[in-house]
Amino acid sequence: DLRTLLGLIERKRPKTLKHGGMPKGELKEAGRFFKADGDPGYPDFLMLFSENAGLVKNLSGRWTVNFRKVGLLENRVKLANTLLNFWKSTDRWNEWAADRTATVVKKTRSGEMLSLRKEVLAGLGKCPLGQWIAYSQFYKMLHRLSASFRELAEGPASGRALASRGTTADEILRRMLSSTLAWIGLVEVGNLCAFD
């Protein structure tokens, strides 16, 4: 899918937007050919990653492929590690919102999100490798192990978030697991319909 996106960029040379990225229509076109996921955020994430990893470069307001960096695609382990490191450190990807690139994260929430990502990864590190674990079981374990996740789940803001149609701890965790961490290949969601 990353190669498909880069192929489209090389063929079409799409316009570079003011804050990076490319027009949604172009991303949607690339997404029609992807094999992995129909999530509308998937092409956005791949584009953000491509920018961050230097796989694409801006030439006179147009994206083009940086062929000196595409060797990264040949090493699956290095690519997966680079994807994971990007997700752990970026503030351009925003799990607070359903459209994870549309809303600019306030710097205070950005720090909170980066901390939550580390906590989720630490929780996943406690799970047995190669075995299924029920989502509810993982949620309870994370609630027990992570003070920041527990605070998000139990704090006074969680009730207000539900009342104001904001993002709950459960929604953030589901977005992390079923999108980015599944795309990277760190987790596999066993029953997508039940998970939704």
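Residues numbered from 1 in each chain as written. Predicted model: local features only at pLDDT ≥ 70, side-chain atom pairs only at ≥ 80, totals over all residues. Heavy atoms only, no water.

Visitor: Which residues make up the overall build of the protein chain, and what values go with them?
Guide: Each helix and strand counted, the protein chain has 10 helices and two strands in total. Written out in order from the N terminus, the α and β elements of the protein chain read α-α-α-β-β-α-α-α-α-α-α-α. Counting every atom, the protein chain has about 11500 Å² of accessible surface; 53% of that belongs to carbon and sulfur. (Helix = DSSP H or I, 4+ residues; strand = E, 2+ residues; numbered from the N terminus. Areas by Shrake-Rupley, 256 points an atom, 1.4 Å probe, with all protein chains shown as cover.)

Visitor: Now, about the packing of helix H6 (residues 135–145) against helix H9 (residues 169–184): what can you tell me, with residues and values included?
Guide: In contact at an axis separation of 12 Å, H6 and H9 are set at 115 degrees when each is read in the N-to-C sense. As for how H6 packs across H9, the hand of that crossing is right-handed. When H6 is examined against H9, the residues Tyr135, Phe138, Tyr139 and Leu142 are found in contact with a partner set consisting of Ala169, Asp170, Leu173, Arg174 and Leu177. In terms of residue class, the contact of H6 with H9 is made up of seven nonpolar, no polar and two charged. (Axes fitted to C-alpha atoms, helices over the stretch in contact; angles between N-to-C directions. Left-handed = near helix turned anticlockwise from the far one by under 90°. Contact = heavy atoms within 4.5 Å. Nonpolar A, V, L, I, M, F, W, Y, C, P; charged D, E, K, R; others polar.)

Visitor: Before we move on, can you summarise the environment of Leu181 with the specific residues and values?
Guide: Tracing the backbone through its elements, the reader meets Leu181 in helix H9. Distance from Leu181 to Leu83, taken between C-alpha atoms, is 9.5 Å for residues 98 residues apart in sequence. Those residues in contact with Leu181, other than ones at most four positions away along the chain, are Leu84, Trp87, Val120, Leu121, Leu124, Met176, Leu186 and Val187.

Visitor: Please give an account of the packing of aromatic side chains that cites residues and values.
Guide: Aromatic ring pairs: the centre-centre distance and the angle between the two ring planes describe each pair. One pass over the full model with this rule turns up nine aromatic pairs. Ring geometry for Phe45 against Trp93: centres 5.1 Å apart, planes inclined by 70 degrees, an arrangement best described as edge-to-face. Within this pair, whereas Phe45 is found in helix H3 (residues 41–52), its partner Trp93 is found in the loop between helix H4 (76–89) and helix H5 (107–125), the two being separated by 48 residues in sequence. On the basis of relative accessible area, Phe45 is assigned to the buried category, the value being 1%. On the numbers, 5.7 Å between centres and 45 degrees between planes, the contact of Phe45 with Trp183 is tilted. Of this pair, Phe45 sits in helix H3 while Trp183 sits in helix H9, and the two are 138 residues apart along the sequence. Exposure class is identical for Phe45 and Trp183. Each is buried. Each residue in the set Phe34, Tyr42, Phe45, Phe49, Phe86, Trp93 and Trp183 is aromatic and connected to the rest through ring pairs, giving one cluster. Positioned above the aromatic ring of Tyr135, the side-chain terminus of Arg174 is 4.2 Å from the ring centre. (Phe/Tyr/Trp six-rings, centres within 6.5 Å; stacked < 30°, edge-to-face > 60°. Buried < 20%, exposed > 50% of the residue type's maximum accessible area, 1.4 Å probe, protein only. Lys NZ or Arg CZ within 6 Å of the ring centre and 35° of its normal.)

Visitor: I'd like a description of the pairing of strand S1 (residues 56–59), backed by residues and values.
Guide: As paired strands, S1 and strand S2 (residues 62–65) are joined by four bridges and run antiparallel to one another. Residue Lys57 lies in a different strand from S2, and its bridge partner there is Thr64. In this structure, the hairpin formed by S1 and S2 is closed by a connection of two residues, where Ser60 is found at a positive phi of approximately 55 degrees. (Pairing = 2+ DSSP bridges.)

Visitor: Tell me about H3, and please be specific about residues and values.
Guide: For H3, built from 12 residues, the straight-helix expectation of 16 Å at 1.5 Å per residue is met to within 8% by its first-to-last C-alpha distance of 16 Å. Within H3, 11 of the 12 residues are buried, which leaves the element mostly enclosed by the surrounding structure. Among the residues of H3, Gly41, Tyr42, Pro43, Asp44, Phe45, Leu46, Met47, Leu48, Phe49, Ser50 and Glu51 are the ones counted as buried. Elements that come into contact with the buried residues of H3 comprise helix H1 (2–12), helix H2 (24–31), S1, S2, H4 and H9. (Expected span 1.5 Å × (residues − 1).)

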